[in-house]
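Read off the chains here:
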Amino acid sequence: MKRAVYPGSFDPMTFGHLDIIRRASEIFDVLIVAVLNNKGKCPLFSVEERVNILREATKDLPNVYVDSFSGLLINYAAENNLHVAVRGLRAISDFEYELQIAQTNRKLSNGKLDTIFLTTSLEYAYLSSSSVKEIASFNGDISQCVPEFVADLIHEKYKNKEQGNE
Ligand code: PNS
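How each quantity is defined
Residues numbered from 1 in each chain as written. Predicted model: local features only at pLDDT ≥ 70, side-chain atom pairs only at ≥ 80, totals over all residues. Heavy atoms only, no water. Helix = DSSP H or I, 4+ residues; strand = E, 2+ residues; numbered from the N terminus. Polar contact = N/O pair within 3.5 Å; in protein donor to acceptor, adjacent residues only side chain to side chain. Contact = heavy atoms within 4.5 Å. Patch = residues over 30% accessible without salt bridge, like charges linked within 9 Å, V, L, I, M, F, W, Y side chains within 5 Å. Areas by Shrake-Rupley, 256 points an atom, 1.4 Å probe, with all protein chains shown as cover. Salt bridge = Lys/Arg side-chain N within 4 Å of Asp/Glu carboxyl O. Buried < 20%, exposed > 50% of the residue type's maximum accessible area, 1.4 Å probe, protein only. Near = heavy atom within 4 Å. Nonpolar A, V, L, I, M, F, W, Y, C, P; charged D, E, K, R; others polar. Axes fitted to C-alpha atoms, helices over the stretch in contact; angles between N-to-C directions. Parallel < 35°, antiparallel > 145°, perpendicular 65-115°, else oblique. Left-handed = near helix turned anticlockwise from the far one by under 90°. Core = buried A, V, L, I, M, F, W, Y, C linked by side-chain atoms within 4.5 Å. Phe/Tyr/Trp six-rings, centres within 6.5 Å; stacked < 30°, edge-to-face > 60°. Pairing = 2+ DSSP bridges. Right-handed = clockwise from strand over helix to strand, strands pointing away.

A word on the side chain of Asn63
Step number 1: Relative to the assigned elements, Asn63 resides in the loop between helix 2 (47-57) and strand 3 (64-69).
Step number 2: There is a polar contact of 2.8 Å between the side chain of Asn63 and the backbone oxygen of Ser25.
Step number 3: Beyond its immediate stretch of four places on either side in the chain, Asn63 contacts Ser25, Phe28, Asp29, Val30 and Leu31.

Now the structure itself:
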């Protein structure tokens, strides 16, 4: 059975991530979407919220499971007997960073964790979680970037921030 892990921050998950998830779920028998519990980064959504968003957005994909991890990806992969990581590439600017991480993971895992790249569909090539947050922070329209229920949650977060509730 071919299994893979798709790691990321997913803060928030965008249509670009969903596109990679859907396509990877057609290539692999099982795809585990692993949300990094990046406490240092001060994320907009907690790891539990990000996991719940991903679970809701992928509920029509029966071979996709959503989990979270802390620390090094190679350790999470080893603990779960996963040997392939999937990452999306939008542009050449992503490539340098991704190449370095992929090679580091391969080296650190003694060749046990390899990375495969899917090129993001052109319609989502401009999308990033940071730009979605930037647009939403100015109350801009993010309906082309994330599913409607995610857009509502993001706007709610910024409204709470404005009101000093978060
Ligand atoms: O969505 P992102 O923020 O681009 O995802 C980056 C991620 C989570 C894939 C990467 O930062 C990661 O795997 N972090 C865990 C720590 C680790 O294993 N780093 C790789 C060795 S430098």
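We are not done yet, so read on.
Details of a nonpolar patch on the surface
Step number 1: On the surface, Ile92, Phe95 and Leu99 cluster together to form a nonpolar patch covering roughly 290 Å² of accessible area.
Step number 2: Examined against the element boundaries, Ile92 turns out to sit in helix 4 (residues 92-108).
Step number 3: A relative accessible area of 72% means that Ile92 is categorised as exposed.

Comments concerning the site of the ligand
Step number 1: Around the ligand, a shell composed of Gly8, Ser9, Leu36, Lys41, Phe69, Gly71, Leu72, Leu73, Arg87 and Asn105 is seen.
Step number 2: Within the side chain of Ser9, a nitrogen or oxygen atom sits 2.6 Å from an oxygen atom of the ligand.
Step number 3: One of the backbone nitrogen or oxygen atoms of Leu73 is found 2.8 Å away from an oxygen atom of the ligand.
Step number 4: Calculation on the ligand without its partners gives an accessible area of 550 Å², and the protein chains cover 74% of this total.
Step number 5: Along the lines of polarity and charge, the residues of the shell around the ligand split into four nonpolar, four polar and two charged.

Concerning the packing of helix 2 against helix 6 (residues 148-162)
Step number 1: Between helix 2 and helix 6, whose axes approach to 11 Å, the crossing angle comes to 160°. Between helix 2 and helix 6, the angle is such that the two are roughly antiparallel. Crossing of helix 2 over helix 6 shows right-handed handedness. Between helix 2 and helix 6, the contacting residues are Glu49, Ile53, Glu56 and Ala57 on the first element and Phe149, Val150, Leu153 and Lys157 on the second.

Looking at the nonpolar core
Nonpolar side chains tend toward joint burial in soluble globular proteins.
Step number 1: Core analysis: the biggest nonpolar cluster contains 35 residues, and Leu31, Val86 and Ile154 have the highest contact counts within it.
Step number 2: Counting residues per element, the ones that place at least two in this core are strand 1 (3-8), helix 1 (15-27), strand 2 (30-36), helix 2, strand 3, helix 5 (129-137) and helix 6.
Step number 3: A per-element tally of this core places helix 2 first, with five residues.
Step number 4: Those residues in contact with Leu31 that sit more than four places away from it in its chain are Ala4, Val5, Tyr6, Ile21, Ala24, Ser25, Asn63, Val64, Tyr65 and Val86.

Some remarks on the pattern of salt bridges
Step number 1: Summed over all chains, the structure comprises eight salt bridges.
Step number 2: In this structure, Arg90 engages Asp94 in a salt bridge whose closest nitrogen and oxygen atoms are separated by 2.9 Å.
Step number 3: Owing to a relative accessible area of 37%, Arg90 belongs among the partly exposed residues under this scheme.
Step number 4: Its relative accessible area of 13% is what places Asp94 among the buried residues.

A closer look at the packing of aromatic side chains
Step number 1: For the structure shown, the criterion picks out three aromatic pairs.
Step number 2: Considering the side-chain rings of Tyr6 and Phe10, the 5.2 Å spacing of their centres and the 85° angle between planes classify their relative orientation as edge-to-face. The same class applies to Tyr6 and to Phe10, which are both buried.

So, the pairing of strand 3
Step number 1: With six bridges joining them, strand 2 and strand 3 adopt parallel strand pairing. Residue pairing across strands places Leu36 opposite Phe69, the latter belonging to strand 3.
Step number 2: The parallel pair strand 2 and strand 3 is bridged by helix 2, and the resulting crossover is right-handed.

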